[in-house]
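# Geometric and topological summary
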Amino acid sequence: MMIQNDFESAIPAFEEYIENYPKHGKVKKAKKMLAFCESQLPYQNYRKGISQLDENDLDEAIRFFNNAYVDANEDLKLDINFKRDTLAKQIIEYVTLNFDSISMKNCENLLDKANELSQSVFNDVNILKGKLFFKRATLLHESNLLNDALEHYQFSLSYNSNLEVAVNSRLMLLANNILENSQRYQANNEYILAIESLNKAIEIIPKLSDRLSPTIKEFENIIDELNDLKTREAISEVLDESKYKGRSKEQLVIGMLKDKIVEIMGMPDDINFLDSSLSSFEVWSYSKSEKKLYIKNEKLYQIESIEGE
């Protein structure tokens, strides 16, 4: 294995020989060969890394450079670091020149690899990551995925403070869009989502708190009243026999698991998915019983009556 330059395989083989035959006449020679293999392995890994670069396999090249660095002498470490720095700068240059044409996922992967290769490009990586998250945030915003957009605007600013003016301008527009959503939720008696939207608007623009806090309190009182009313309702409410025949007549309870809801109510007529703050809701609609159930984290979160649907 050593003669064939397979140092990676030769090292454990020599180690095993030395351990099993400590008094053999060739142990000293085996130890010298082991030391030789150990000295050559970093150079071999370095050469393999260069070879993988020629084959455009960046991941494998990085892996071989990292392996080589562990046991390399100071001279080889200088060569490895020089190669890493050069490669990282080449990646940064490529991403900069092709920022608008390569996919966002590929862009982020390349920036992560550049950062892994060399800390010398740390600032360049952060600047480009800030631009990347701003680009994602804008696309999410335009797709009306407002909470995700907010998160990505904040990420972009954490990487690149020079984007503050652009981000703040987009956040003002985002806050207005969130307030528009809250009005739609209110019109549909979806008070939980309305509250989430108002709180999110305040998070973006804190000075809105004085104006929106009374509305939030009003919605919270409405939710409390509705829950109290449902608690006072007769638990033995008769379900539509044609749809729920043979099923349990148990009452829905906040916190109930989805499987139990299906056991009591059957499958919903319609399921929608709503994005709300840092959580997502499943909205199950039952036309016969005129109920709309909000499911959060696999459990029943809120019950609302369907009016005029």
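Fair warning: this is a prediction, and the values are worked out from it, not measured in the lab. (Residues numbered from 1 in each chain as written. Predicted model: local features only at pLDDT ≥ 70, side-chain atom pairs only at ≥ 80, totals over all residues. Heavy atoms only, no water.)

## What about the overall build of the chain?
The condition that has to hold: Helix and strand assignments come from DSSP, with helices taken as H or I runs of at least 4 residues and strands as E runs of at least 2, each series counted from the N terminus. Note that the radius of gyration is over C-alpha atoms, with the globule rule given as 2.2 Å times the number of residues to the power 0.38. The cut-offs for exposure are 20% and 50% of the maximum accessible area for each residue type, with area from a 1.4 Å probe on protein chains only; residues under the lower value are buried, those over the upper are exposed, and the others partly exposed. Should any heavy atoms of two residues lie within 4.5 Å, those residues are considered in contact. Computed by Shrake-Rupley with a 1.4 Å probe, the accessible areas treat only the displayed protein chains as cover when residues are assessed. When charges are counted, Lys and Arg contribute as positive and Asp and Glu as negative, whereas His and the chain ends are disregarded. The atom standing in for a charge is NZ when the residue is Lys, CZ when it is Arg, CG when it is Asp and CD when it is Glu.
Secondary structure summary: the chain contains 12 helices and four strands in total. On C-alpha atoms alone, the chain measures out to a radius of gyration of 31 Å, which is more than a quarter above the 19 Å that the 2.2 N^0.38 rule sets for 309 residues. Considering only C-alpha atoms, the chain reaches an extent of 95 × 55 × 30 Å along its principal axes. Within the chain, the proportion of its 309 residues that are buried is 39%. For the chain, the proportion of contacts with a sequence separation of at least 24, taken over those separated by at least 6, is 47%. Approximately 18,400 Å² of the chain is accessible, and the part contributed by carbon and sulfur atoms is 50%. Distance from the positive charge centre (38 side chains) to the negative charge centre (52 side chains) of the chain: 5 Å.

## A closer look at helix α8 (residues 164–187)
Here is the rule: To estimate how far a helix should extend, the number of its residues minus one is multiplied by 1.5 Å.
For α8, spanning 24 residues, the distance from its first C-alpha to its last is 35 Å, which sits close to the expected 34 Å at 1.5 Å a residue. Listed as buried for α8 are Val167, Leu171, Leu174, Ala175, Asn177, Ile178, Leu179, Asn181, Ser182 and Tyr185. Remark: asparagine 189 follows α8 within two positions and exhibits a positive phi of approximately 60°.

## As for the packing of α8 against helix α9 (residues 191–204)
The following threshold applies: Angles run from 0 to 180 degrees between N-to-C directions of axes, and those axes are lines fitted to C-alpha atoms, restricted for helices to the stretch in contact. Should an angle fall under 35 degrees it is taken as roughly parallel, and over 145 as roughly antiparallel, whereas 65 to 115 is taken as roughly perpendicular and any remaining angle as oblique. By convention the crossing between two helices is left-handed if the near helix lies anticlockwise of the far one by an angle smaller than a right angle, and right-handed if it lies clockwise. Note on residue classes: Ala, Val, Leu, Ile, Met, Phe, Trp, Tyr, Cys and Pro are nonpolar, Asp, Glu, Lys and Arg are charged, and everything else, Gly too, is polar.
It is the contact of α8 with α9, at a shortest axis distance of 8 Å, that shows an interaxial angle of 165°. Considering their axes alone, α8 and α9 lie roughly antiparallel with respect to each other. In this structure, the crossing between α8 and α9 has a hand that is left-handed. Together, Leu171, Leu174, Ala175, Ile178, Leu179, Asn181, Ser182, Tyr185 and Gln186 of α8 and Leu193, Ala194, Ser197, Leu198, Lys200, Ala201 and Ile204 of α9 make up the contact between the two elements. Across the contact of α8 with α9, the residue classes tally to 11 nonpolar, four polar and one charged.

## Here we look at the side chain of asparagine 45
Mapping asparagine 45 onto the fold places it in helix α2 (residues 27–54). Take asparagine 45: its relative accessible area is 6%, and that puts it in the buried class. Leaving out residues up to four positions away in the same chain, asparagine 45 has contacts with Phe64, Asn67 and Ala68.

## What to know about the environment of alanine 10
The topology assignment puts alanine 10 in helix α1 (residues 7–20). Among all residues touching alanine 10, those that are not within four sequence positions of it are Met1, Met2 and Cys37.

## Description of the side chain of lysine 129
Looking at the element boundaries, lysine 129 is found in helix α6 (residues 122–142). Among all residues touching lysine 129, those that are not within four sequence positions of it are Leu111, Asp112 and Tyr159.

## Here's the deal with the nonpolar core
Going by this rule: Throughout, nonpolar core names a set of buried Ala, Val, Leu, Ile, Met, Phe, Trp, Tyr and Cys residues whose side chains join them through atoms within 4.5 Å.
Counting 33 residues, the largest nonpolar core has Tyr153, Leu171, Leu174, Ile204, Leu208 and Leu212 as its most contacted members. Mapped by element, the contributors of at least two residues to this core are α6, α7 (146–159), α8, α9, α10 (209–232) and β2 (279–286). A total of nine residues in this core trace back to one element, the largest contributor, which is α9. Excluding anything up to four places from it in sequence, leucine 208 contacts Leu179, Ala201 and Ile202. Val95, Cys107, Val125 and Leu132 belong to the second largest nonpolar core, which has 18 residues in total.

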